[in-house]
Amino acid sequence: MSDVKNHVQQIAANLSNPPWDEWNEGRDIENEGEFSAFDYLEGALDIEYIVNNRGEYLGARVLVAFGGPNIWVNTRTHTVEGHWWGDSAYASFTDNIGLDDALRELSPMMREGV
């Protein structure tokens, strides 16, 4: 199995079955709260919002790895897609961390009230 496929499958697995204990390890839960989708997004390299012609939020693509491989998490299609040189890999995920809800809240269109 290629490295890009392994990486894509691991990201999809983490979104579908979040390793909460691992993600919360070392956190000051009392002051910081438990790990959330907003924490996940702190590591995002880029976010592309997907909107319709009325500016309504439909989903987003989050760049989570860049430079080899490039990996995007797409909340509209519920897929993780990775590309590295000639290799491509895709994996489906279930959003069990509330990523799409967090992205909707952060969406520039939502903040502007469009």
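In the block above lies the structure referred to throughout.
About the cut-offs
- Residues numbered from 1 in each chain as written.
- Predicted model: local features only at pLDDT ≥ 70, side-chain atom pairs only at ≥ 80, totals over all residues.
- Heavy atoms only, no water.
- Phe/Tyr/Trp six-rings, centres within 6.5 Å; stacked < 30°, edge-to-face > 60°.
- Helix = DSSP H or I, 4+ residues; strand = E, 2+ residues; numbered from the N terminus.
- Buried < 20%, exposed > 50% of the residue type's maximum accessible area, 1.4 Å probe, protein only.
- Lys NZ or Arg CZ within 6 Å of the ring centre and 35° of its normal.
- Contact = heavy atoms within 4.5 Å.
- Salt bridge = Lys/Arg side-chain N within 4 Å of Asp/Glu carboxyl O.
- Core = buried A, V, L, I, M, F, W, Y, C linked by side-chain atoms within 4.5 Å.
- Polar contact = N/O pair within 3.5 Å; in protein donor to acceptor, adjacent residues only side chain to side chain.
- Pairing = 2+ DSSP bridges.

K.L.:
Can you lay out the packing of aromatic side chains for me, pointing to particular residues and giving the numbers?
P.N.:
Scanning the entire structure with this criterion turns up 4 aromatic pairs. Where Trp20 meets Trp23, the ring centres are 5.6 Å apart and the plane angle is 90°; that geometry is what we call edge-to-face. Residue Trp20 and its partner Trp23 are located together in helix H2 (residues 20-24), separated by 3 residues, close to a single helical turn. By relative accessible area, which is 30% here, Trp20 ends up partly exposed. Residue Trp23 is classed as buried on the basis of its relative accessible area of 15%. Cluster of aromatic residues (ring-pair linked, three or more members): Trp20, Trp23, Phe35 and Tyr40. Above the face of the Trp72 ring, Arg61 is positioned so that its terminal group lies 4.0 Å from the ring centre.

K.L.:
Before we move on, can you summarise the side chain of Asp100 with the specific residues and values?
P.N.:
Assignment of secondary structure puts Asp100 in helix H5 (residues 99-106). Ignoring any residue separated from it by four or fewer positions in sequence, one finds Asp100 in contact with Tyr57, Gly59, Thr75 and Asp95.

K.L.:
Now, about the pattern of salt bridges: what can you tell me, with residues and values included?
P.N.:
As enumerated under the stated definition, the model contains 6 salt bridges in all. Close ionic contact of Glu32 with Arg27 constitutes a salt bridge, the shortest N to O distance being 3.8 Å.

K.L.:
Tell me about the nonpolar core, and name the residues and values.
P.N.:
Within the largest apolar cluster, 24 residues are counted, with the highest numbers of intra-cluster contacts made by Leu15, Tyr40, Val73, Val80 and Leu99. Looking at this core, the elements with two or more residues in it are helix H1 (3-16), helix H4 (37-42), strand E2 (57-65), strand E3 (70-74), strand E5 (87-92) and H5. For this core, the element with the highest residue contribution is H1, accounting for 5 residues. Those residues within four positions of Tyr40 in sequence are excluded, and the remaining contacts are Ile11, Leu15, Trp23, Phe35, Val64, Val73, Ile97 and Leu99.

K.L.:
Tell me about the side chain of Thr79, and please be specific about residues and values.
P.N.:
For Thr79, the location among the structural elements is in strand E4 (residues 79-84). Only 2.7 Å separates the side chain of Thr79 from the side chain of Thr77, close enough to count as a polar contact. In this structure, Thr79 is in contact with Trp72, Val73, Asn74, Ala91, Ser92 and Phe93, ignoring residues within four places of it in sequence.

K.L.:
Now, about the pairing of E4: what can you tell me, with residues and values included?
P.N.:
Here E3 pairs with E4 via 5 bridges, running antiparallel. Its bridge partner lying in E4, Ile71 is registered against Gly82. Bridge count for E4 against E5 is 6 bridges, and the pairing is antiparallel. Opposite Trp84, over in E5, you have Asp87 as the bridge partner.

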